[in-house]
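Each chain, letter by letter, is given below.
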Amino acid sequence: MAKLTDIVASTAILPAISSSDRDAVITELIDALIASGAAPVSIRQELISKLLDRERLGSTGFGKGVAVPHVKHKSVKKMAAAIGLSPRGVDFRALDNQPVYSIFLLLSPDDRPEDHLHAMEVIFKNLSKDTFRRFLRQASTVEDVTTLLEEADGQHLAA
Amino acid sequence: MIALSLSTPVITSHSLKVKIINRLGLHARPAMTFVDVAMTFACEITVTKGDTTVNGKSIMEMMMLAAGQGSELEILATGCDAEKACTALHAVVAGGFDEE
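## Here we look at the overall build of chain B
At step 1: Regarding its fold elements, chain B presents 4 helices and 4 strands.
At step 2: Considered along the principal axes of its C-alpha atoms, chain B spans approximately 55 × 25 × 20 Å.
At step 3: Here chain B, with 100 residues, has 46% of them falling under the buried criterion.
At step 4: In chain B, once contacts between residues fewer than 6 apart in sequence are set aside, the share between residues at least 24 apart is 74%.
At step 5: Carbon together with sulfur atoms contributes 56% to the accessible area of chain B, which is approximately 5,200 Å² in total.
At step 6: Separation of charge centres in chain B, based on 7 positive and 11 negative side chains, amounts to 4 Å.

Below is the structure:
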């Protein structure tokens, strides 16, 4: 089973996103992933467009204050995720029409669908836990988030 | 006598197995399609892959299956429209969610 700490780029954890605009938040998370080296800057605009197209097709705001926008690209060599936390909430046109406070943005290579499914599995196994969602929403620093991810990987969290 | 003639719906269970055939597997969009179809039925629906069983009406839980191409799902429906639900969901999965 993949671990959250392996998937999440430590420099792409943004604990206090100020924008409440979905597109701006997605852009901010992509920029953080590019800065972390997860994707070349040359595909920045393409990644953002693909993510937004995907959101228009159907929101990845699956409910309970979380969203998991995701995109695959052939220039992405290794799976990487960014985490954005918005204290005010972001309008993700979520399925339950509620604001989104925690965003996991996942970047995957386009030729390994199984790896993508497993990353989504580990992300959703944690996001489906009330404890994990509550701690994530309460986290205010990168350290808070990192500690939470380590605890989740060690399965120290209650359901 | 009147009360007796108002027959209560019979609760039935129905289950079947179906293989994921589309290349990308049960990723978010197909999972959402599955849930959308499942929600049109009144019965309870669970989906099992290996030793993991999830609620077929929850997108978050469906994503926990990580069901790739070739994996087999068991759909179990319990309720008055169980058989119809199984038939509809089987068609969605076996049709590859209209993907390649």
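## Overview of the nonpolar core
What tends to happen in soluble globular proteins is that the nonpolar side chains get buried as a cluster.
At step 1: Membership of the largest hydrophobic core comes to 60 residues, with the highest contact counts inside it found for Phe104(A), Phe132(A), Leu136(A), Phe34(B), Ile45(B) and Met62(B).
At step 2: Per-element accounting of this core gives the leading share, 7 residues, to helix α2 (residues 28-38) of chain B.
At step 3: Beyond its immediate chain neighbours, meaning those up to four positions away, Phe34(B) contacts Val47(B), Gly56(B), Met62(B), Ile75(B), Leu89(B), Val93(B) and Phe97(B).
At step 4: Leu14(A), Ala38(A), Ile48(A) and Ala67(A) belong to the second largest nonpolar core, which has 30 residues in total.

## Side note on the packing of helix α2 (residues 22-35) of chain A against helix α3 (residues 44-57) of chain A
Residues and elements named next belong to chain A.
At step 1: Taken N-terminus to C-terminus, the directions of α2 and α3 make an angle of 140 degrees; their axes are 10 Å apart at the nearest point. One element, α2, and the other, α3, form an angle in the oblique class. When the axes of α2 and α3 are compared, the crossing they make is right-handed. Facing Arg22, Asp23, Ile26, Thr27, Ile30, Asp31 and Ile34 of α2, the residues of α3 in contact are Arg44, Leu47, Ile48, Leu51, Leu52, Glu55 and Arg56.
At step 2: Its residues assigned to classes, the contact of α2 with α3 comprises 7 nonpolar, 1 polar and 6 charged.

## Points about the interface of chain B and chain A
At step 1: Across the contact, 16 residues belong to chain B and 21 residues belong to chain A.
At step 2: Between chain B and chain A lies a buried interface of about 1,500 Å² when both sides are counted; carbon and sulfur atoms form 74% of it.
At step 3: The interface formed by chain B and chain A holds 0 salt bridges in total.
At step 4: Put simply, chain B and chain A have 0 residue pairs in polar contact (both at pLDDT 80 or more) between them.
At step 5: Of all elements in the fold, only α2 and α3 (59-62) of chain B reach the threshold of two or more residues within the side of chain B that touches chain A.
At step 6: Here the side of chain B that touches chain A is composed, by residue class, of 10 nonpolar, 4 polar and 2 charged.

## Quick notes on unusual backbone geometry
Residues and elements named next belong to chain B.
At step 1: With a phi angle near 45 degrees, Ala66 is a residue other than glycine that sits in the positive phi range.
At step 2: Tracing the chain through its elements places Ala66 in the loop between α3 and β4 (72-79).
At step 3: When its relative accessible area of 2% is taken as the criterion, Ala66 is described as buried.
At step 4: The backbone of Asp98 sits at a positive phi, close to 60 degrees, despite the residue not being glycine.
At step 5: For Asp98, the location among the structural elements is in the segment after α4 (82-94).

Parameters and conventions
- Numbers given for residues are sequential positions, taken from 1 along each chain in its written order.
- Ligands are numbered from 1 and chains lettered from A, in the order in which they are written.
- Note on the predicted model: pLDDT of at least 70 is required for a residue's local features to be given, and 80 or more for side-chain atom pairs to be given and counted; whole-chain, interface and lining totals, by contrast, use all residues.
- Only heavy atoms go into the side-chain values, all of them from the structure, while hydrogens and water stay out.
- A run of H or I in DSSP counts as a helix once it spans at least four residues, and a run of E counts as a strand once it spans at least two, with each numbered from the N terminus.
- Each residue gets one of three labels from its accessible area relative to the maximum for its type: buried under 20%, exposed over 50%, partly exposed in between, using a 1.4 Å probe on protein chains only.
- Here a residue-residue contact requires only that any non-hydrogen atoms of the pair lie within 4.5 Å.
- Residue-level accessible areas treat just the shown protein chains as cover; the underlying method is Shrake-Rupley with a 1.4 Å probe.
- Under this rule, positive means Lys or Arg and negative means Asp or Glu; His and the chain ends count for nothing.
- The location of each charge is read from NZ of Lys, CZ of Arg, CG of Asp or CD of Glu.
- Each nonpolar core is a collection of buried residues, namely Ala, Val, Leu, Ile, Met, Phe, Trp, Tyr and Cys, held together in the definition by side-chain atoms within 4.5 Å.
- Between N-to-C directions, angles cover 0 to 180 degrees, with each direction set by a line fitted to C-alpha atoms, over the stretch in contact for helices.
- Under this scheme an angle from 65 to 115 degrees is roughly perpendicular, one under 35 degrees roughly parallel, and one over 145 degrees roughly antiparallel; angles in between are oblique.
- Two helices cross in a left-handed way if the nearer one is turned anticlockwise from the farther one by less than a right angle. They cross in a right-handed way if the turn is clockwise.
- Here the term charged refers only to Asp, Glu, Lys and Arg, the term nonpolar to Ala, Val, Leu, Ile, Met, Phe, Trp, Tyr, Cys and Pro, and the term polar to all other amino acids, Gly among them.
- Throughout, the accessible surface (probe 1.4 Å) given up by two parts as they are put together, summed over both, is called the buried area.
- We count a salt bridge whenever a side-chain nitrogen from Lys or Arg sits within 4 Å of a carboxyl oxygen from Asp or Glu.
- Pairs of N or O atoms within 3.5 Å make up the polar contacts considered here, provided that, within protein, one atom can donate a hydrogen while the other can accept it, and that residues adjacent in sequence are counted only when both atoms are side-chain atoms.

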